[in-house]
Structures are given as structure tokens and as C-alpha cells.
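Residue strings, one per chain:
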Amino acid sequence: MDIHEAASLTVEEDNNPSSSSDDNNNPSTTIEHNNDDYFPNPSLHNPTALETIKWWAEYTSIHGMYYIFERGHFQQWKKFAWSIVVVSCCITLLIAIVSEFKSYNDYNIDTTTKTVIPTSLNFPKVILCNANGGVDGRLQNSTGIMEPKNEEELISISQSLTDFIVRTQFNNKVYNTSSSSDELNEVWEPIITQYGLCYEFNTNESVFIPGINAGLIVYTWLNQSSYPIGVDWAGVHVLIGGNNNNSNNDNESKDNNNDNNSSNNNNVVSQSGTVLVPPGAVSFISLLMQDIQREENKPLNCLPGGTTIDECRLNCIMDATKTKCRCRIMGDTTSNSNGIDYCNSTNDVCRESINDDDISICQTCAYPPLPPCKEQTYTTSYSAGRISQNLIQETANLQQETNFNELSNNLAVIHINYASIQYTSTTETKSTSTWQLFSNLGGSFGFFMGISIISIVEFFVELIGLRLIPRLWGREELYGIGQKKKFT
């Protein structure tokens, strides 16, 4: 007969009068009740809270609890030893739990990079700016505007599109100023940036062929003879940013390109991806695109629809300039810029005094700023070569210019295309996701204490909720707390 049967027999004998009578007549068969029986007899007394805990500990799935509260077999030193083991495991488990939550809240990042080879690639935004701001000295003299105060004045003294861009070729289709209709307006539009009046290339076409046989080729005319007095250098700023369009023949590339690199409302272009090319040369700019997808789930490590870090910092500089110097940088078109003039030479000292303390007043993004959740960046490699006689002759015909020195000093040919039809896809994800956190916690609970979800229910619901807490209000009718029958 095992110990469970003995406990059951004790209850049966106590509840059966005839059996008790027989036991009195036959002492050899009498079963005496002992308060230390395996389970306290609910017909004789209500179990105490400690007795209830002992009974629960003997049946719980939590490791080690049975040996601490075991009755009738273990000596006290064995119970004490098991108590030390269980407490040590509890402390180690607590340390592991704290470590897991700390790792989760630190938002460590796992980066996965792969090379994607689509059938085509969207062409990025390309902005070209004359390095002197596009300002024409002759127009300054005729208008009397030496330092423009706003967009209208800047446009009135800057190079027009047809003066700056002589010829454009994209995917072997030619747009030039010699056509009867102004084809350049189909693909170029003016845009005011921090560099002055510039022109942005727009196309819905994708690039299928890499290298020098496709992409964008632009002939720019710097018109140095009309530069303002004091300008002794020339060139073209080439600014490369996000995609022009979202259409793509390749589904994977299309999904990765959608909604990427939100445009900056201030027309302030990030310094990364900017190349300054000289006149008198053919400049080759090869592109390599990197598509970045960052974790969006909380806690956020990025801003959905946010600007790049460089753009955000430039926005902070613009806000600081307006606050401290009461003027605005070219390209700043925010709503609070109305009525504020462009900064001029009288503001140079104030602008040079702007530091990190002033920039930190920016309210448009977190400081230091978080990157956008979806972003496309471009790595550029630059090379240059001499302009061939054919290009010089072709430009001479378009510009009606025969002076070789003028052609060399003013003509800058720019060729922009992808080095190969592929891009790098980078995905940044949280090292420990919510489900991984639960999995790690479950592993720690099971390894140190053998605790599972069922064990947690046993402890908090059955023991504490249904057995111990009701005792505070005198509720002793629940199972294990003193009802007259073992089952109800």
C-alpha cells in the first residue's frame, strides 16, 4: 500500500462509524490519525495555510518545491540543503530575466545584407547646380540685385535652363535646345536648393543597361564670362538622391523602392551623394544603390517617413539660422519662413557662430535624429577624361561658339549611370523580438526551475488566488482550504 492509499484509507475509516467500532474492539486494526499525515484530514480539522502550501508543493510541477516541504522522510538538513539549491536557482533565474529585458530594451540590431539583381533599376533624382549658384553677373547689373532676398529675385538673376543645360541624353533618347519645341522642359525643372537655382532631372524610365552605353548624359554650359565679380572658380554640383519613380518591371525591386527616401520639403540636399565636377572634361559618375529597411516595431529605432540624418541636421541648422540670425538659407521653404529674407553678407558672422547648442533647438525631429525606416543611399565613384573633338564640335554647333578656350572653360560633360544592374539590400531588425523574448524567458524558467505556463497558473491562480487569498476573508469552502469533502 502506498502513501496515497494510506491517506485515502484514513479518511475512509474516519467517516465510517462501523469501521470505527470494529477498530475499538480490535486494537490491532485501529488506524490512528496523525496531523503529519500525507494530506490533512478535512473531516477532522481545517488545514492551515502552511499545510495547504505543503500539499500544493508536493503536487506542483515546479522543480525542488516538493523536497523543501516533504514530510515524514527527509531530515531537516536535507530540506535545508534543497532550500539553498532552490533559492540559488531562483536568484540565477532573476538575474537571467533582468539580463533578457535589458537586452530587449537596449534595442540591439542585427543587420542582414544581400545582393539583389533585378531586371532594371529606377533612376535616382539628379540635381545639377552651377557651382557659383547660377548667378549671372550681367543680370545682376541690369536688375541691380546683388544679393537676392527671396525666390523671385534669385530666379531673376540666375541662369535659365537653356543657358545652363545644352543637351541631355537618357537611354539613348536626346533632348536639346536646338529642337523646335523645348524638349529640355520635359525632363528638367527648376528647384531652389542651398546652392541656389538648380535643375532637377525627372524621368519615369528605368535603366536596363549599366555603364557608358546608357544612363544620363548632360552637356552643361557654365557661362563663366558672365560670372559675378570675385568668382574665380567654376564647376557643377551633382546632387544624387532618392528615386524619381516607383515603377519597375521587377517585382522585388518595386517592393523595395516604394515609399523610400521621402522628399525633403525644404529642398535641402544631403551632402552625401554630392560630386563637384570640373569644366573642360567628361566626368563619369558610377552609382551603387543600397536599399535599407529598418525595424519599425516599438521601441522605434527609426522614423516612418522620416528624413535622413544629414537632411535632419541641415533642417536643424536652418531653424537655428532663422532663430538666431533672423534670415533663412536658400531652399528653406517651410511655413514659418514667410516674410524672412535670404541670408546675405551681413549675416555671415552670425551664421558662422551657430554651434551644437543652437542646433539642438530643432523641433522637427529627435536629436540626435533617428534615420528613416526606409531609405535608399547611393555610393558614387568618379572618374574623368578629356573631351573629344567630336563633343567639342557638336557643342560648338549648338552654342555657335568657335573659340576653343571658351569651349574648354565652359563645357562640362557629365555621364551618370549604375555600374551594374544590381543593388545591396540591407535589413536592420531587432536582435530580440517580442516572441524571442518570450522564448528566451521560457527557456530560462524551464532550465533553472522547470517552470512553464501551467506552473505559473498553478502558483498564482490555484495556490494564491484560490487557496490563500480567500482565507483572508474566511472563505474555507474551496478545495484544499477546509471543505468537509475532498471533492465537491
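Located above this text is the structure these notes cover.
The structure contained in this document is the topic of the report that follows. Since the model is a prediction, treat every value here as computed from it, not as a measurement.

**Describing the overall build of the chain**
In terms of regular secondary structure, the chain is built from 17 helices and 14 strands. Counting all 488 residues of the chain, 43% fall into the buried class. For the chain, the proportion of contacts with a sequence separation of at least 24, taken over those separated by at least 6, is 77%. When the accessible area of the chain is evaluated, it comes to approximately 25,900 Å², of which 53% is carbon and sulfur surface.

**Focus: the layout of surface pockets**
What the largest pocket holds in volume is close to 990 Å³. If you go around the largest pocket, you meet 37 residues; those closest to its centre are Asn 132, Gly 133, Val 135, Met 330 and Cys 343. Among the elements of the structure, helix 6 (137-143), helix 11 (309-325) and helix 12 (348-352) are those that each provide at least two residues to the lining of the largest pocket. When residues of the lining of the largest pocket are assigned to their parent elements, the largest contribution, four residues, is made by helix 6. Considering only residue class, the lining of the largest pocket consists of 19 nonpolar, 12 polar and six charged.

**Here's the deal with unusual backbone geometry**
Even without a glycine there, the phi angle at Asn 172 is positive, about 70 degrees. Among the secondary structure elements, Asn 172 is positioned in the loop between strand 4 (165-170) and strand 5 (173-176). On the basis of relative accessibility, which here comes to 55%, the residue Asn 172 falls in the exposed class. The backbone of Asn 223 shows a phi angle near 55 degrees, a positive value even though the residue is not glycine.

**Description of the nonpolar core**
One finds Phe 123, Leu 128, Trp 188, Val 236, Val 238, Ile 285 and Ile 416 to be the most contacted residues of the largest nonpolar core, which totals 40 residues. Broken down by element, the residue count for this core peaks at six residues, all from strand 14 (residues 411-430). The contact partners of Leu 128, leaving out residues within four places of it in the chain, are Phe 164, Trp 188, Cys 198, Tyr 199, Val 218, Thr 220, Val 236, His 237, Val 238 and Ile 414. In terms of nonpolar packing, the next biggest core, distinct from the first, is built from 15 residues, Ala 57, Met 65, Tyr 104 and Ile 451 among them.

**Brief notes about a nonpolar patch on the surface**
Together, Ile 453, Ile 456, Val 457, Phe 459, Phe 460, Val 461 and Leu 466 line one region of the surface with nonpolar side chains, adding up to about 630 Å² of accessible area. With respect to the secondary-structure elements, Val 461 resides in helix 17 (residues 453-468).

**Here's the deal with the state of the cysteines**
Tallied over the entire structure, the rule returns three disulfides. For Cys 325, the disulfide goes to Cys 350, at an S-S distance of 2.0 Å. Disulfide Cys 325 to Cys 350: torsion about the S-S bond roughly -95 degrees, handedness left-handed. With Cys 325 in helix 11 and Cys 350 in helix 12, the pair connects residues that are 25 residues apart, well separated along the chain. The thiol sulfur of Cys 90 is not disulfide-bonded, and the nearest other cysteine sulfur, from Cys 89, lies at 7.1 Å. Exposure remark for Cys 90: the relative accessible area of 36% places this residue in the partly exposed category.

**Observations concerning the side chain of Asn 417**
Among the secondary structure elements, Asn 417 is positioned in strand 14. Non-local contacts of Asn 417, meaning those with residues more than four positions away in its chain, are made with Phe 123, Val 207, Ile 209, Pro 210, Gly 211, Ala 214, Gly 215, Ile 285, Ser 286 and Leu 287.

Procedures and definitions
Residues numbered from 1 in each chain as written. Predicted model: local features only at pLDDT ≥ 70, side-chain atom pairs only at ≥ 80, totals over all residues. Heavy atoms only, no water. Helix = DSSP H or I, 4+ residues; strand = E, 2+ residues; numbered from the N terminus. Buried < 20%, exposed > 50% of the residue type's maximum accessible area, 1.4 Å probe, protein only. Contact = heavy atoms within 4.5 Å. Areas by Shrake-Rupley, 256 points an atom, 1.4 Å probe, with all protein chains shown as cover. 1 Å grid on protein atoms, 1.4 Å probe; cavity = no way out; pocket = protein on both sides within 12 Å on 5 of 7 lines; lining within 4 Å. Points joined across faces, edges and corners; volume = space filled by probe spheres on them. Nonpolar A, V, L, I, M, F, W, Y, C, P; charged D, E, K, R; others polar. Core = buried A, V, L, I, M, F, W, Y, C linked by side-chain atoms within 4.5 Å. Patch = residues over 30% accessible without salt bridge, like charges linked within 9 Å, V, L, I, M, F, W, Y side chains within 5 Å. Salt bridge = Lys/Arg side-chain N within 4 Å of Asp/Glu carboxyl O. Disulfide = S-S within 2.5 Å.

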